[in-house]
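Remarks on the overall topology
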Amino acid sequence: MGERIFNLLVGNKSLKVLDYSLNQLGDNADCNCAKAIGNCLQKNKVLQHLDISFNNFGKEATQIIAEGL
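Below or above, wherever it landed, is the structure these notes cover. (Residues numbered from 1 in each chain as written. Predicted model: local features only at pLDDT ≥ 70, side-chain atom pairs only at ≥ 80, totals over all residues. Heavy atoms only, no water.)

**Description of the overall build of the protein**
We count it as follows: Starting at the N terminus, helices and strands are each numbered in turn, a helix being any DSSP run of H or I of at least four residues and a strand any DSSP run of E of at least two. The globule rule is 2.2 Å times the number of residues to the power 0.38, and the radius of gyration it is compared with is taken over C-alpha atoms. A simple rule labels every residue: compare its accessible area, found with a 1.4 Å probe on the protein chains alone, to the largest value its type can have, and call it buried under 20%, exposed over 50%, or partly exposed in between. Working rule for contacts: check all heavy atoms of both residues, and any pair within 4.5 Å makes them a contact. What sets the accessible areas is the Shrake-Rupley method with a 1.4 Å probe; for residues, cover comes only from the shown protein chains.
Regarding its fold elements, the protein presents three helices and two strands. What you see in the protein, going N to C, is helices and strands ordered as α-β-α-β-α. A compact globule built from 69 residues should have a C-alpha radius of gyration of about 11 Å, and the protein, at 11 Å, falls within 12% of that. With 69 residues in all, the protein has 36% of them scored as buried. Taking the contacts inside the protein whose residues are at least 6 apart along the sequence as the reference set, 80% of them involve residues at least 24 apart. In the form shown here, the protein has an accessible surface area of approximately 4,600 Å², with 53% of it arising from carbon and sulfur atoms.

**Some words on the side chain of Ser-21**
As a reminder, the rule being used: Contacts described as polar in this section are N or O atom pairs within 3.5 Å, which, within protein, must combine one atom able to donate a hydrogen with one able to accept it, while residues neighboring in sequence count only if both atoms come from side chains.
Mapping Ser-21 onto the fold places it in the loop between strand S1 (17-19) and helix H2 (32-43). At 2.6 Å, the side chain of Ser-21 and the side chain of Asp-19 are in polar contact. Look past the residues within four positions of Ser-21 in its chain and what remains in contact with it is Asp-51, Ile-52, Ser-53 and Asn-55.

**Focus: the environment of Lys-13**
In this fold, Lys-13 is placed in the loop between helix H1 (2-9) and S1. For Lys-13, a relative accessible area of 73% corresponds to the exposed category. Residues Lys-13 and Asp-30, spaced 17 residues apart in sequence, show a C-alpha to C-alpha distance of 29 Å.

**Here we look at unusual backbone geometry**
Despite not being glycine, Gln-24 has its phi angle at roughly 55°, a positive value. The residue Phe-54 is not glycine, and still its phi comes out positive at about 55°.

Structure, rendered in structure tokens:
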């Protein structure tokens, strides 16, 4: 679910703040959600604040998201 939302946010033109904390996004071993978040952060220039805290992201997922920044 989270992966689809972040894939859609790539084309976002109005949402500036998103609190997606406490949603267990990091439970997936293949890091697809982390890849979608990284891609979104790389391409979306409108989103100013994203809270993805407490989602159980592991080291690999965190690295993928950081590279998107």
